[in-house]
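# Structure assessment
This is what each chain is made of:
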Amino acid sequence: MEDPLYREIILEYWKNPSNYGTLSTATVDVTGFNPLCGDKIHLTANIKDGAVAEIAFTAEACAIATASASLFTDLIKDLPLAEVRKITEQDVLDELGVKLTPARQKCALLVYKTLQETPLYV
């Protein structure tokens, strides 16, 4: 992360993430864990008419993982599942907008990898 502006953006999403919380009733409920650093993401979502109607997450994670989860949940909210399945790892990294080391990429991709563990990707 060379650019101080990007550091500020990540810190802002870490301090004030979008879609933070847990849905009381959810059709998707999954937790992901990064054993390399200890980051943990819990995703809940409701799927309606083949699209992501609602999505929320909680995190015990670093600023990059939390910011990425915030941006990713914004990205997929209201998307049809067919479009969600087309999103790539590179799309997630591009959404974050910063150059990361391979170890930090794992932090940024935790939310994406977690969602892939759900029946939405079967």
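Refer to the structure printed above.
Summary of the structure given here.

Rules used in this analysis
Residues numbered from 1 in each chain as written. Predicted model: local features only at pLDDT ≥ 70, side-chain atom pairs only at ≥ 80, totals over all residues. Heavy atoms only, no water. Helix = DSSP H or I, 4+ residues; strand = E, 2+ residues; numbered from the N terminus. Expected span 1.5 Å × (residues − 1). Buried < 20%, exposed > 50% of the residue type's maximum accessible area, 1.4 Å probe, protein only. Pairing = 2+ DSSP bridges.

### Section: helix α2 (residues 63-76)
- For α2, spanning 14 residues, the distance from its first C-alpha to its last is 20 Å, which sits close to the expected 20 Å at 1.5 Å a residue.
- The element α2 is extensively covered by neighbouring structure, given that 12 of its 14 residues are classed as buried.
- For α2, every residue scored as buried is listed here: Ala-63, Ile-64, Ala-65, Thr-66, Ala-67, Ser-68, Ala-69, Ser-70, Leu-71, Phe-72, Thr-73 and Ile-76.
- At the exit of α2 stands Asp-78, carrying a positive phi of roughly 75 degrees.

### A word on the pairing of strand β2 (residues 40-48)
- In this sheet, β2 lies alongside strand β1 (residues 28-33) in antiparallel orientation, the contact comprising 6 bridges. From the neighbouring strand, Gly-32 faces β2, where its bridge partner is Ile-41.
- Adjacent in sequence and paired antiparallel, β1 and β2 are bridged by 6 residues, among which Gly-38 carries a positive phi angle near 90 degrees.
- The pairing of β2 with strand β3 (residues 51-60) spans 9 bridges and is classified as antiparallel. Bridged to Lys-40 within β3 is Glu-60.
- Where β2 folds back on β3, the antiparallel hairpin that results is connected by 2 residues, among which Asp-49 adopts a positive phi of roughly 50 degrees.

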